[in-house]
Amino acid sequence: PQFEQSSLQAVHQQRREMLSNVCSRYTRKRRLLQPDDLRHLVVDDTHGLLYCYVPKVACTNWKRVMMVLTGQGKYQDPLGIPAHEAHVPSNLRTLSEYSVPEINYRLRSYLKFVFVREPFERLVSAYRNKFTLSYNTAFHKRYGTKIIRRHRREPSERALERGDDVRFEEFVYYLLDPRTQQEEPFNEHWERVHSLCHPCIIHYDVVGKYETLAEDANYILQLVGADTSVKFPASSKTTRTTDDMTAQFFQDISPFYQRRLFNLYKMDYLLFNYSIPSYLRIR
């Protein structure tokens, strides 16, 4: 275990250095954090922990674990907490709810962590979850109808009304349409990690990766001295979005749009040291 700890420490040290180098290269001026910037930072005052949650990067399980950590014994097993419960805002406090001195104190002295994932894999995962599953009617109505109205030639009445058959290509056009971000910020499921968690302003102690989820999660729980009975749920999902699957979605996207989409997510690729996917035709 000792050796394992030190090799993990080295990995995390490298990730922090990488992040810091990219930040200093690409961010000229450090802006001040606004309360709105802190809505994704979940606070655990018991263990001195701040977790910036990123949708589609095991955030449901992390929220479950945070509920166990902050629940004063109310919850024992993360998997015993229904998924929808984990997303009820009142079940966890976020840093934006604290006063400025309290915010500064926590940013200075708590262990801060974030989990990231290969950006296009996360994007395809969000698309599959929000636009291809029949039960996500809120997303179909809120985003699907708009995407179809703007980016489909001669849409049927049914598609315009229900918005439940958005094609991946149309979703890409929507993301790249300048009107989209002029009208409102991206939804958190496809917003860039650097816009949700501000890693160039907030200095994260641990940058966990979806690809090494189990080791990184255990490492964090050990660092804060969480009770050994608290275990991060093992992933059992067979439906999860993989690299091969992501490649298939990009087959029908032209090199022109692939490049533009890559540029949109480029900072996440750089900050978290992900290489350009081999399936992209943007060389």
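The following refers to the structure shown. Computed from a predicted model, the values in this text were never measured in an experiment. (Residues numbered from 1 in each chain as written. Predicted model: local features only at pLDDT ≥ 70, side-chain atom pairs only at ≥ 80, totals over all residues. Heavy atoms only, no water.)

Quick look at the overall build of the chain
When helices and strands are tallied, the chain shows 14 helices and four strands. Relative to the compact-globule value of 19 Å for 283 residues, the chain shows a C-alpha radius of gyration of 20 Å, a close match. A total of 283 residues make up the chain; the buried ones form 50% of that total. Counting only contacts in the chain whose residues sit at least 6 apart along the sequence, the fraction spanning at least 24 positions is 70%. Surface summary for the chain: the accessible area is close to 15000 Å², and the carbon and sulfur share equals 50%. Positive and negative side-chain charges in the chain, numbering 41 and 33 respectively, have mean positions lying 4 Å apart. (Helix = DSSP H or I, 4+ residues; strand = E, 2+ residues; numbered from the N terminus. Rg over C-alpha atoms; globule rule 2.2 N^0.38 Å. Buried < 20%, exposed > 50% of the residue type's maximum accessible area, 1.4 Å probe, protein only. Contact = heavy atoms within 4.5 Å. Areas by Shrake-Rupley, 256 points an atom, 1.4 Å probe, with all protein chains shown as cover. Lys, Arg positive; Asp, Glu negative; His and termini not counted. Charge placed at Lys NZ, Arg CZ, Asp CG, Glu CD.)

A short note on helix α6 (residues 137-151)
Over its 15 residues, α6 extends 19 Å from the first C-alpha to the last, a length consistent with the 21 Å expected when each residue adds 1.5 Å. Helix geometry: α6 is bent most strongly at Gly-144, by close to 40°. Along α6, the residues classified as buried are Phe-139, His-140, Tyr-143, Gly-144, Thr-145, Lys-146, Ile-147, Ile-148 and His-151. On its buried face, α6 is in contact with α5 (119-131), α7 (157-162), α8 (168-176) and α9 (178-183). (Expected span 1.5 Å × (residues − 1). Bend = angle between axes of the 7 residues up to and from the residue.)

Digging into the side chain of Thr-180
Mapped onto the elements of the fold, Thr-180 is located in helix α9. In this structure the side chain of Thr-180 is engaged in a polar contact, spanning 2.5 Å, whose partner is the backbone oxygen of Tyr-174. If we ignore the near neighbours within four places in the chain, the residues touching Thr-180 are Tyr-174 and Phe-186. (Polar contact = N/O pair within 3.5 Å; in protein donor to acceptor, adjacent residues only side chain to side chain.)

Some details on the side chain of Arg-15
Within the element layout of this structure, Arg-15 appears in helix α1 (residues 2-26). Relative accessible area serves as the criterion here: at 16%, Arg-15 is assigned to the buried category. Residues within four places of Arg-15 in sequence aside, it is in contact with Val-207, Gly-208, Lys-209, Thr-212 and Asp-216.

Some words on the pattern of salt bridges
Within the structure shown, the criterion is met by 19 salt bridges. Between Glu-184 and Arg-142 there is a salt bridge, with its nearest N and O atoms 2.8 Å apart. Taken together, the positions of Glu-184 in the loop between α9 and α10 (193-197) and Arg-142 in helix α6 put the pair 42 residues apart, joining distant regions of the chain. Its salt-bridge partner being Glu-170, residue Arg-152 comes within 2.7 Å of it at the nearest N-O pair. Separated by 18 residues along the polypeptide, Arg-152 in the loop between α6 and α7 and Glu-170 in helix α8 bring together distant segments of the chain. An identical accessibility class is assigned to Arg-152 and Glu-170; each is buried. Salt bridges sharing partners connect three or more residues here, namely Arg-142, Lys-146, Arg-150, Glu-183 and Glu-184. (Salt bridge = Lys/Arg side-chain N within 4 Å of Asp/Glu carboxyl O.)

A look at the packing of aromatic side chains
One pass over the structure, following the stated rule, counts 28 aromatic pairs. Arranged with centres 4.9 Å apart and planes meeting at 50°, the rings of Trp-62 and Phe-232 form a pair that is tilted. A residue pair is termed long-range when its members are at least 10 positions apart, and Trp-62 in helix α2 (residues 59-70) and Phe-232 in the loop between α11 (213-223) and α12 (243-250) qualify at 170 residues. Each member of the pair, Trp-62 as well as Phe-232, carries the same accessibility label: buried. Summarising the aromatic geometry, the rings of Phe-120 and Phe-250 are spaced 4.7 Å apart at their centres and angled 20° between planes, so their arrangement reads as stacked. Highlighted residues: Phe-120 in helix α5 and Phe-250 in helix α12, separated in sequence by 130 residues. Lying over the aromatic face of Tyr-98, Arg-93 brings its terminal NZ or CZ to 4.1 Å of the ring centre. For Lys-209, the ring lying beneath its charged end belongs to Tyr-274, and the centroid distance is 4.2 Å. (Phe/Tyr/Trp six-rings, centres within 6.5 Å; stacked < 30°, edge-to-face > 60°. Lys NZ or Arg CZ within 6 Å of the ring centre and 35° of its normal.)

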